[in-house]
Amino acid sequence: MSERLYDMGVGVVDAFIGLMMIGVNLLPDALAESFQYAFMQRALLTALVVGGMCGLLSSYVILKRWSLLGDAISHAVLPGVAIAYLLNIPFFIGALVTGALTSLGIGVIERHTRIKADAAMGLMFTAAFALGIVIISQIATSTHLMHILFGNVLGVRYPALMLTLAVGLVSLLVVILYYKELMLYVFDPVQARSLGLNTSVIHYGLILLLTVAIVASLETVGIILVVAMLITPGATAYLLVNSLPAMMVLASAIGMLSAVIGLSLAVRLDVASGGAIVLVVTGFFLLAFLFAPQRGVIGRWLRRQRIPRPA
Amino acid sequence: MINHPRIAGGTVEAAVSIRDLTVAYDRDPVLAGVDLDLPAGRLITVLGPNGAGKSTLLRVLAGTLKPLRGEIRINDRPIEEERRKSRIAYMPQQEQLDWDFPLSVRDVVLSGRYGHIRQQGGWQRFLPPSLIRGDHYAAVRRALQDTDMLDRQHASIDSLSGGQRKRVLLARALVQEADLLLLDEPLAGVDGASEELIMRVLRQARDQGRTVLMVTHDIMGARKSADHVVLINRQVVGQGPPDAMLADDMLARVATINWIKPMAEDHPVSRCDAAETTGQGA
């Protein structure tokens, strides 16, 4: 990356941090005070972008039933990171390559054998993950492995933050501009095809978007937990609303809110940030599971009580 | 006989022209060297026993299944071009869809216009549905009116009954204003009232000059409503007016001819996906 470009990137990131801090300063002092350090501000921006981006995409993951695919890609990224470390190239590139290769491999196994999608995924991603573990055990210290597996959002630096921000903005743009095509493909791929859409491009485009989002989230929540951010916000929103745009906005908001609350809790209680964020988002899901007006357990129970008994 | 503008001088222009169509999932071809010309502006019923390749034929026409070989032309143009111009509408069986999807009836029907919106080009094709202008919502309204679903347009699709789901899918096909309508078992599992409504809508579409091609194994229904019947069982066994095609000897032939061995399933969905170019299951 040329230096001018890098400086520009830093400028953009700082502008976003400035914007974010306007919002943070509106929070109660007790919450806002932990964000006075620059490293905390970078961590917060990263967490917000990751939460929002993964939340947005999680609607597709839920509706397309791609949870296992998300899990598979996130694990498949590990050998790419390790190889990139070995070759001294940006880990983003390595992760993208192995993530993409694995999803292609899943497709090939599924198409050319009688093995079904779930087994093909389980087979491919565990193999990729095993390869990653083997390489890492040779080259890196265990702290490095821990950071890839579980994230280290408090140590996020400018280059990683720029990447996350760029990926977040691109995902947002793609999801808005191609809302109709993506909705049609996820709801009814046959209809999409009969309207002349190139469903292969949409299919692999969506997988690529997921892969890129996963790679950009590595530093925040890590490989193991990123899949939670790609499932739980969407699942929570799915219980609460009944329109796709509303589901996507709400899932995104839940992802961001979980990121902020989780990060604050992690700092205050001195626990792992990735774990804290995922526990918070799971808490949101539990609330929706119990109290969602139409689909919550309690609401449904109450409505059943109101059905009059036949006399 | 239906009076139709495209029928001139006794010759009927072919709406669908299929040459040497062969489709195979794993080993045995489901359709083997099918040659078929279908007349335009008719209500055509494709009949055949389970595993005869009826749904396969429809899926090839809809574009989700790649044939092993063969050529298909629609209104004498390549099928892919007609698809891109939204001139082919497809109504799937409702079991193929996830009805828990967070969409309203109107959202689903509007999606039938997405092809038109894309063709308009320019930046407007990137607009979200709520900002779409032009006559698209008027077309949606008409389709909902025709299928008697207008009062349910804002309902969430998970609240619909079986017959209403069929009507929503029919409305989505109608809203495309396509030349060719493909319908997969449009009357399966609907009550008498819905059946009557669906058939009325299909006849109306035919009277507007559209070609309606439906797949069914309902012989009684075909006798009652079709203009033209195609009997298939891996190959075309015969085609012509319902009276001739639905005679006992013809029906006996379609059930036995080419009967190498019974196919395991009529709708080999997973195999379809596997044969697809998209690798959708991944």
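Here the structure is a predicted model, which is why all the values come from computation and not from measurement. Every chain's residues receive numbers from 1 upward, in the order its sequence appears when written. Whichever chain is written first is A, and whichever ligand is written first is 1; the rest continue in order. Under the rules for a predicted model, residues below a pLDDT of 70 receive no local features and side-chain atom pairs below 80 are neither given nor counted, while totals for whole chains, interfaces and linings still include all residues.

### Considerations on the overall build of chain A
As a reminder of what qualifies: Put simply, DSSP marks the helices as runs of H or I at least four residues long and the strands as runs of E at least two long, and each gets a number from the N terminus on. Our radius of gyration is a C-alpha quantity, and the globule rule it is checked against amounts to 2.2 Å times the number of residues to the power 0.38. Backbone-placed C-beta atoms define the burial measure: a residue is buried with 20 or more other C-beta atoms within 10 Å of its own, exposed with 12 or fewer, and partly exposed in between. Here, residues touch in the contact sense if the C-beta positions derived from the backbone fall within 7 Å of one another.
A count of helical and extended segments in chain A gives 15 helices and 0 strands. For 311 residues, the compact-globule estimate of 2.2 N^0.38 gives 19 Å, and the C-alpha radius of gyration of chain A, at 21 Å, lies within 12% of that figure. Taken along the three principal axes of its C-alpha coordinates, chain A extends 75 × 60 × 35 Å. Residues classed as buried in chain A amount to 50% of the 311 residues present. Pairs at least 24 apart in sequence give 72% of the contacts found in chain A among residues at least 6 apart.

### What to know about the overall build of chain B
Within chain B, the regular secondary structure consists of 11 helices and 12 strands. Looking at chain B as a whole, 44% of its 282 residues qualify as buried. Long-range pairs, those at least 24 residues apart, make up 73% of the contacts in chain B with a sequence separation of at least 6.

### Points about the nonpolar core
Nonpolar side chains tend to gather and get buried jointly when the protein is soluble and globular. Operational definition: Joined through C-beta atoms within 7 Å, a set of buried Ala, Val, Leu, Ile, Met, Phe, Trp, Tyr and Cys residues constitutes a nonpolar core.
Counting 175 residues, the largest nonpolar core has A:Ala47, A:Leu57, A:Ala213, B:Val109, B:Leu181 and B:Leu182 as the members making the most contacts within it. The element best represented in this core is helix α11 (residues 199-229) of chain A, accounting for 18 residues. With near-sequence residues (within four places) excluded, A:Leu57 lies in contact with A:Ser171, A:Leu209, A:Leu210, A:Ala213 and A:Leu230.

### Concerning the interface of chain A and chain B
The parts lose accessible area when they come together, and the size of an interface is often stated as this lost area. Condition: As a working rule, the residues Ala, Val, Leu, Ile, Met, Phe, Trp, Tyr, Cys and Pro are called nonpolar, Asp, Glu, Lys and Arg charged, and the rest polar, with Gly in that last group.
Each partner contributes residues to the interface: chain A has 30 residues there, and chain B has 29 residues. Looking at the side of chain A that touches chain B, the elements with two or more residues in it are α5 (91-112), α8 (158-177), α9 (179-187), α10 (189-194), α11 and α13 (244-269) of chain A. Considering only residue class, the side of chain A that touches chain B consists of 15 nonpolar, 10 polar and 5 charged.

### A closer look at the sheet that holds strand β6 (residues 69-74) of chain B
Here is the rule: Note on pairing: two strands pair once DSSP finds at least 2 bridges between them.
Overall, antiparallel pairing links the 4 strands, which are arranged β4-β3-β6-β7 (chain B) in an open sheet. Looking along the sheet, the strands with just one partner apiece sit at the ends: β4 (29-39) and β7 (77-78) of chain B.

### Some thoughts on the pairing of β6(B)
All names here are of chain B. Sheet analysis places strand β3 (residues 14-24) next to β6, joined by 5 bridges and oriented antiparallel. The partner of Val16 across the bridge, within β6, is Ile74. Bridge analysis of β6 against β7 gives 2 bridges, and the strand direction is antiparallel. Paired with Arg73 across the two strands is Pro78, which belongs to β7. The turn linking β6 back onto β7 is made up of 2 residues, and Asn75 within it adopts a positive phi angle of 50 degrees.

### Overview of the confidence of the model for chain B
Residue and element names in this part refer to chain B. This is how it is decided: Confidence of the predictor at the level of single residues is captured by pLDDT, which takes values from 0 to 100.
Of all residues in chain B, 86% attain a pLDDT of 70 or more, and the chain-wide mean is 83. Here helix α11 (residues 269-275) stands out as the element of chain B with the lowest mean pLDDT, 37, in contrast to helix α3 (residues 105-110), whose mean of 96 is the highest. A low-confidence stretch, residues 1-11 (pLDDT under 50), is modelled with 12 contacts involving residues beyond four sequence positions or located in other chains. In the model, residues 258-282 has pLDDT below 50 throughout and makes 44 contacts with residues more than four positions away in sequence or in other chains.

### Comments concerning the environment of A:Pro233
As for its placement among the helices and strands, A:Pro233 is situated in helix α12 (residues 232-240). In contact with A:Pro233, not counting residues within four places along its chain, are A:Cys54, A:Gly55, A:Ser58, A:Ala251, A:Ile254, A:Gly255 and A:Val281.

### Topic: the packing of helix α4 (residues 67-87) of chain A against α11(A)
Residues and elements named next belong to chain A. Put simply, the rule is: To get an axis, a line is fitted to the C-alpha atoms, and for a helix only the part in contact is used. The angle between two axes follows their N-to-C directions and goes from 0 to 180 degrees. Oblique is the label for any angle not under 35 degrees, not over 145, and not in the 65 to 115 range, which are roughly parallel, roughly antiparallel and roughly perpendicular in turn.
The geometry of α4 relative to α11 is characterised by a closest axis approach of 9 Å and an angle of 85 degrees between their N-to-C directions. Relative to α11, the element α4 lies roughly perpendicular. Residues Gly70, Asp71, Ile73, Ser74, His75, Val77 and Leu78 of α4 form the contact with α11, whose own contacting residues are Leu210, Thr211, Ile214, Val215, Ile223, Val226 and Val227. Tallied by class, the residues present in the contact of α4 with α11 amount to 9 nonpolar, 4 polar and 1 charged.

### Quick notes on the sheet that holds strand β5 (residues 43-47) of chain B
All names here are of chain B. Read across the open sheet, the 6 strands follow the order β8-β9-β10-β5-β11-β12; overall the sheet is mixed. The open sheet has two free edges, formed respectively by β8 (88-91) and β12 (236-240), since each of these has just one partner strand. The sheet shows a mean angle of 15 degrees between the axes of neighbouring strands, direction not considered. Of the pairings in the sheet, the one linking β5 to strand β10 (residues 211-216) comprises 5 bridges and is parallel in character.

### Quick look at α12(A)
Residues and elements named next belong to chain A. Among the 9 residues in α12, 8 count as buried, and that is most of the element. For α12, every residue scored as buried is listed here: Thr232, Pro233, Gly234, Ala235, Thr236, Ala237, Tyr238 and Leu240. Along its buried surface, α12 packs onto α3 (38-63), α11, α13 and α14 (273-291).

### Overview of unusual backbone geometry
All names here are of chain A. A positive phi is found at Asn88, a non-glycine position, where the angle reads about 60 degrees. Relative to the assigned elements, Asn88 resides in the loop between α4 and α5. For Asp270, which is not glycine, the phi torsion reads 55 degrees and is therefore positive. Mapped onto the elements of the fold, Asp270 is located in the loop between α13 and α14. You can call Asp270 exposed: it has 7 C-beta atoms within 10 Å.

### As for α4(A)
Residue and element names in this part refer to chain A. Which entries qualify depends on this criterion: Expected helix span is given by 1.5 Å per residue-to-residue step, counting one fewer step than there are residues.
In this model α4 runs 31 Å from its N-terminal to its C-terminal C-alpha over 21 residues, within 8% of the 30 Å that 1.5 Å per residue would give. Counting buried positions over the 21 residues of α4 gives 15, a clear majority of the element. In the segment just after α4, Asn88 is the residue with positive phi, at about 60 degrees.

### With respect to the confidence of the model for chain A
For residues with low pLDDT, the predicted coordinates do not support detailed interpretation. Mean pLDDT over chain A: 89, with 97% of residues reaching 70 or higher. By mean pLDDT, the top-scoring element of chain A is α12(A) (96), and the lowest-scoring one is helix α7 (residues 142-150) of chain A (70).

### Side note on the environment of A:Gly275
Residue and element names in this part refer to chain A. Assignment of secondary structure puts Gly275 in helix α14. The class for Gly275 is partly exposed, based on 19 C-beta atoms found within 10 Å. A sequence separation of 31 residues divides Gly275 from Arg306, and the C-alpha atoms of the two residues are 41 Å apart.

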